[in-house]
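Examination of the molecular architecture
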Amino acid sequence: LVLMTSIAFAVGVVRLGRRQCLVQELPAIEGLARVDVVCADKTGTLTENGMRLADLRTFGQDDCADVLASLAADDDRPNASMQAIAEAYDQPPGWTATASAPFKSATKWSGTSYGDHGNWVIGAPDVLLDPSSPDAHEAERIGARGLRVLLLGSSDRPVDAPDAPGVVTPVALVVLEQRVRPDAHDTLDYFAAQRVTVKVISGDNAVSVGAVADSLGLHGETLDARRLPEEPEALADTVDEYTTFGRVRPDQKRAMVHALQSRGHTVAMTGDGVNDVLALKDADIGVAMGSGSSASRAVAQIVLLDDKFATLPYVVGEGRRVIGNIER
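Predicted model only: the values in this text are computed from it and were never measured.

Calculation criteria
- All residue numbers here refer to positions counted from 1 along the written sequence of the relevant chain.
- Totals for whole chains, interfaces and linings use every residue, but because this is a predicted model, local features are given only for residues with pLDDT of at least 70 and side-chain atom pairs only at 80 or more, for both listing and counting.
- Side-chain metrics rest on all non-hydrogen atoms present in the structure, leaving aside hydrogens and water.
- Counting from the N terminus, the helices are DSSP H or I runs at least four residues long and the strands are E runs at least two residues long.
- Burial classes follow relative accessibility: with a 1.4 Å probe on protein chains only, a residue under 20% of its type's maximum area counts as buried, one over 50% as exposed, and anything between as partly exposed.
- Only four residue types enter the tally: Lys and Arg on the positive side, Asp and Glu on the negative side; His and the chain ends are excluded.
- For this document, the term salt bridge refers to a Lys or Arg side-chain nitrogen within 4 Å of an Asp or Glu carboxyl oxygen.
- Note on contacts: a residue pair qualifies if any of its non-hydrogen atoms lie within 4.5 Å across the two residues.
- Structural elements are reduced to axes, namely lines fitted to C-alpha atoms, with helices fitted over the stretch in contact, and the angle between N-to-C directions of any two is expressed from 0 to 180 degrees.
- Roughly parallel refers to an angle under 35 degrees, roughly antiparallel to one over 145, roughly perpendicular to one between 65 and 115, and oblique to any angle outside these ranges.
- Here a pair means two rings of Phe, Tyr or Trp (six-membered ring of Trp) with centres within 6.5 Å. Their orientation is stacked below 30 degrees between planes, edge-to-face above 60, and tilted elsewhere.

Regarding the side chain of Lys-108
Here Lys-108 lies in the loop between strand 4 (99-101) and strand 5 (109-113). Of the side chains bearing the opposite charge, Asp-204 lies closest to the buried Lys-108, which forms no salt bridge; the N-O distance is 6.4 Å. Lys-108 has contacts with Phe-103, Gly-123, Ala-124, Val-127, Gly-203, Arg-247 and Val-248, leaving out every residue within four places of it along the chain.

Here it is in structure tokens:
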């Protein structure tokens with residue numbers, strides 16, 4: 001019995017390997033058969049990793065090209081957004097950076113100070129601006145079309161100051177476009193047919209995330225994670241009630257996985273970034289994308305080498321087939 005069980009698992013691993021799916025822990029196949037909730041990150045999972053600059057809307061300032069080119073050139077670890085900006089503005093003016101603040105999931109902004117050329121920040125409009133301001137409303141209106149919107153602003157203090165970013169004067173809205181994966185819709189339909197619930201958990205603006213989920217036929221309530229309760233029971237109720245979550249911090253992703261597990265769910269978490277590592281590690285099954293960060297690949301039980309979210313139905317199906325064979 002032990003030998004046949006091991007062989008059944010091994011055959012499952014080989015079959016998944018043919019579909020560019022690397023199984024890093026053998027027991028993961030058993031977990032796959034029991035998964036009833038999939039928590040999916042938006043960027044890199046439902047949408048393609050790459051972005052492109054779709055529009056630049058300035059607030060009275062004619063040209064932001066030098067600023068954007070400098071910010072992109074001086075970013076040591078550019079994310080997908082900064083890479084798109086670097087492609088669009090590839091001729092930096094050669095300013096000397098006097099201070100820098102890297103992007104963090106908790107703060108949602110990054111910035112660089114250039115001495116006489118000013119202190120510049122770029123990040124989430126609803127974080128850097130008063131959410132009730134007209135500029136913030138304009139950003140939300142654009143985001144409702146499923147686009148990612150960043151605010152470029154000038155700060156009244158160096159970006160490495162303890163109280164940075166300080167008072168931010170809006171200069172422009174940077175609108176980035178992401179393409180929805182062509183196979184995402186069919187994958188979500190498969191999970192619906194299998195009675196597997198899908199939760200979309202993203203650090204992006206909640207309105208934008210909700211728009212992408214709606215376009216894929218994933219209907220349900222959207223919640224800004226800044227309104228998530230801290231108390232475990234209330235959190236579990238909220239996570240059960242809503243389908244899509246935006247502005248989620250890395251520690252909240254892990255708390256949401258724990259909340260679902262506390263209600264008896266077997267949770268698979270998909271992700272590709274460092275901000276997904278905590279949730280990937282604590283989920284029953286962690287699924288990382290092959291092109292994602294090395295940290296996310298290291299903690300995941302399964303790695304989708306071809307980055308295709310559409311491989312997941314085959315992964316779940318193979319897990320159920322293997323367990324069925326073992327039981328028989």
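Let's talk about the packing of helix 7 (residues 184-193) against helix 13 (residues 312-327)
Across the interface, helix 7 lies against helix 13 with an axial gap of 9 Å and an inter-helix angle of 30°. Considering their axes alone, helix 7 and helix 13 lie roughly parallel with respect to each other. Contacts between helix 7 and helix 13 involve Thr-187, Tyr-190 and Phe-191 from the first element and Leu-312, Pro-313, Val-316 and Gly-317 from the second.

With respect to the packing of aromatic side chains
Here the structure, examined in full by the defined rule, presents four aromatic pairs. Consider the rings of Trp-95 and Tyr-114, whose centres lie 5.4 Å apart with planes at 65°: the pair is edge-to-face. With Trp-95 in the loop between helix 4 (80-88) and strand 4 and Tyr-114 in the loop between strand 5 and strand 6 (119-123), this pair connects stretches of sequence that are 19 residues apart. Taking 6.4 Å as the distance between ring centres and 55° as the angle between the ring planes, the aromatic pair formed by Phe-191 and Phe-309 counts as tilted. Placement of Phe-191 in helix 7 and of Phe-309 in the loop between strand 14 (302-304) and helix 13 is noted, with a sequence separation of 118 residues between them.

Notes on the pattern of salt bridges
In this structure the tally under the stated criterion is 20 salt bridges. Close ionic contact of Glu-177 with Arg-52 constitutes a salt bridge, the shortest N to O distance being 2.6 Å. Separated by 125 residues along the polypeptide, Glu-177 in strand 8 (residues 168-180) and Arg-52 in strand 3 (residues 47-58) bring together distant segments of the chain. As a salt-bridge pair, Asp-156 and Arg-157 come within 2.8 Å of each other at their nearest N and O atoms. The exposure class assigned to Asp-156 is partly exposed, which follows from its relative accessible area of 44%.

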